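Architecture at a glance
Listed below are the residues making up each chain.
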Amino acid sequence: MEGDVQRTSDAAVQSEEAERSSPRFHLDLWLGFTVQNWVLDVGRPVVMLVLPADWFPLNRPGAADYLHLLYNITAPLILLKMLERSPRTPPLPAVHLCIVAVVMATSFHLVADSVTRRLLLIGYQLHVSVRENPVMKNLEPSSLVDAFELLFYYDDTLGHLMWYIPLFLILLLFFSGCFCPRSQEGRMPSAAWMLLAPNAAYYWYLITEGQTFMLFIFTFFAMTATVMHQRRRGMVPDGNGLFMLYSFSAALCLVAVWVAGLWNDPVLRKKHPGLIYVPQPRAVYTLHLGRVAQTC
């Protein structure tokens, strides 16, 4: 009798240990990541376009600005949570430096977005460079154009580098810990498949609107190299790793379709010169859809 009880107890302990050691899909983390990105990041330009401009005074923050303020708070918290879930945590000073950089960069973006929203109301065109905009050509004194170019440099260049380099580094670091032995090969649960489409679509938005194609593709290549290295050690991606791989792959397909559809647009080609041609959605809107909306 005592032997049966002991065997039952040992079996329960082994079952509990196996459950703990088996790979687990972090639904709470990915759900929070997706909701934050769609509501507080993608939702900002939508709010700017939908809500009437006279609902908020132009010399005070608007609805889109408040969404951006919330994003500046939630984004560092979610990135910190990712690092907590990762088995490979970098040194604490590096973590602090990354989070500080993200907060500073999103603050640059908040200011530039607020100014851009007000410029759009007086005819600023996102598909034209700052100096070639009709609004800027009529600006007096003309040296004020340099101030606006400096503002957009903080946003589009310096701010994006300080924001997206830590973001992709943290995603890559998290992915490096999303592996398990072949015997415990994980599968994506149904909840992960439901989050796949919105997560991939957000990466598409991140690449196109944020102009982060090079950072994205280098991160994707690094993830692929990590998979190849881990397979030699008998390890395979778990549910979280598969979710990230599929999301990045789907986003890359969306970007390819997006670029192919706008490949022969001469105005956007002038806006985005160089080897890497990835038009921004807001520039496409002001160039094509904005005119249609005004006509209607």
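Residues numbered from 1 in each chain as written. Predicted model: local features only at pLDDT ≥ 70, side-chain atom pairs only at ≥ 80, totals over all residues. Heavy atoms only, no water.

Quick word on a nonpolar patch on the surface
Together, L27, L31, V35, W38 and V39 make up a nonpolar patch on the protein surface, roughly 410 Å² of accessible area in all. The topology assignment puts V35 in helix α2 (residues 27–50). (Patch = residues over 30% accessible without salt bridge, like charges linked within 9 Å, V, L, I, M, F, W, Y side chains within 5 Å. Areas by Shrake-Rupley, 256 points an atom, 1.4 Å probe, with all protein chains shown as cover. Salt bridge = Lys/Arg side-chain N within 4 Å of Asp/Glu carboxyl O. Helix = DSSP H or I, 4+ residues; strand = E, 2+ residues; numbered from the N terminus.)

Some points on the side chain of T212
The residue T212 is located in the loop between α7 (190–210) and α8 (213–232) in this model. A polar atom in the side chain of T212 sits 2.9 Å from the backbone oxygen of L206. Setting aside its immediate chain neighbours within four residues, T212 contacts Y164, F168, L206 and I207. (Polar contact = N/O pair within 3.5 Å; in protein donor to acceptor, adjacent residues only side chain to side chain. Contact = heavy atoms within 4.5 Å.)

A closer look at the packing of helix α6 (residues 144–176) against α7
Between α6 and α7, the least distance of the axes is 12 Å, while the angle of their chain directions is 150°. Judged by the inter-axis angle, α6 sits roughly antiparallel to α7. As for the relative orientation of α6 and α7, their crossing is left-handed in sense. Two secondary-structure elements touch here, α6 through H160, Y164, L167, F168 and L171 and α7 through Y203, L206, E209 and G210. Each residue belonging to the contact of α6 with α7 can be placed in one class, and the counts come to 6 nonpolar, 2 polar and 1 charged. (Axes fitted to C-alpha atoms, helices over the stretch in contact; angles between N-to-C directions. Parallel < 35°, antiparallel > 145°, perpendicular 65-115°, else oblique. Left-handed = near helix turned anticlockwise from the far one by under 90°. Nonpolar A, V, L, I, M, F, W, Y, C, P; charged D, E, K, R; others polar.)

Considering the packing of aromatic side chains
The full count for this structure, using the stated rule, is 22 aromatic pairs. Arranged with centres 5.2 Å apart and planes meeting at 80°, the rings of W204 and W258 form a pair that is edge-to-face. Placement of the pair is W204 in helix α7 and W258 in helix α9 (residues 239–261), with a sequence separation of 54 residues. Note on accessibility: W204 and W258 belong to one class, buried. A centroid spacing of 6.4 Å and a plane angle of 20° characterise the contact between F216 and F220, whose relative ring orientation is stacked. (Phe/Tyr/Trp six-rings, centres within 6.5 Å; stacked < 30°, edge-to-face > 60°. Buried < 20%, exposed > 50% of the residue type's maximum accessible area, 1.4 Å probe, protein only.)

As for the nonpolar core
In globular proteins that are soluble, nonpolar side chains generally tend to be buried together. One finds W30, M82, L171, Y203, F243 and F248 to be the most contacted residues of the largest nonpolar core, which totals 59 residues. Among the elements of the structure, α2, α3 (63–85), α4 (92–120), α6, α7, α8, α9 and α11 (281–295) are those that each provide at least two residues to this core. The contacts of L171, once residues within four sequence positions are left out, are W30, M82, Y203, M244 and F248. Formed by 7 residues, the second largest nonpolar core is a distinct cluster that contains L119, L126, V130 and M136. (Core = buried A, V, L, I, M, F, W, Y, C linked by side-chain atoms within 4.5 Å.)

Let's talk about the side chain of T34
By secondary structure assignment, the location of T34 is in helix α2. For T34, a relative accessible area of 6% puts it in the buried group.

Describing the confidence of the model for the chain
Considering every residue of the chain, the mean pLDDT works out to 84; 89% of them sit at 70 or more. Confidence, read as mean pLDDT per element, is least for helix α1 (residues 2–21) in the chain (44) and greatest for α9 (96). Between residues 5–21, whose pLDDT stays under 50, and residues either more than four places distant or in other chains, the model counts 1 contact. Scored below 50 in pLDDT, residues 292–296 makes 1 contact in the model with residues more than four places away or belonging to other chains. (pLDDT = per-residue confidence, 0-100.)

Observations concerning the pattern of salt bridges
According to the stated counting rule, one finds 10 salt bridges in the structure shown. R85 is the salt-bridge partner of D28, the closest N and O atoms lying 2.8 Å from each other. Highlighted residues: D28 in helix α2 and R85 in helix α3, separated in sequence by 57 residues. Note on R85: relative accessible area 26%, which makes it partly exposed. Among the charged side chains, a salt-bridge network with shared partners connects D41, R44, D113, E209 and R282.

Considering α8
Counted at 1.5 Å a residue, the expected span for α8 with its 20 residues is 28 Å, and the 29 Å between its end C-alpha atoms agrees. If you check which residues of α8 are buried, you get F216, I217, T219, F220, M223, T226, V227 and Q230. Here the buried face of α8 lies against α6, β1 (179–181), α7, β2 (235–237) and α9. Remark: G234 follows α8 within two positions and exhibits a positive phi of approximately 80°. (Expected span 1.5 Å × (residues − 1).)

So, the environment of T116
In this fold, T116 is placed in helix α4. The class for T116 is buried, based on a relative accessible area of 1%. Taking C-alpha positions, T116 is 10.0 Å from L151, a pair spaced 35 residues apart along the chain.

Considerations on the environment of N199
Considering the arrangement of structural elements, one finds N199 in helix α7. Under the relative-accessibility criterion, N199 is labelled buried at 1%. For N199 and M244, which are 45 residues apart along the polypeptide, the C-alpha to C-alpha distance reads 8.9 Å. Here N199 is in contact with F33, T34, F243 and S247, once residues within four sequence places are set aside.

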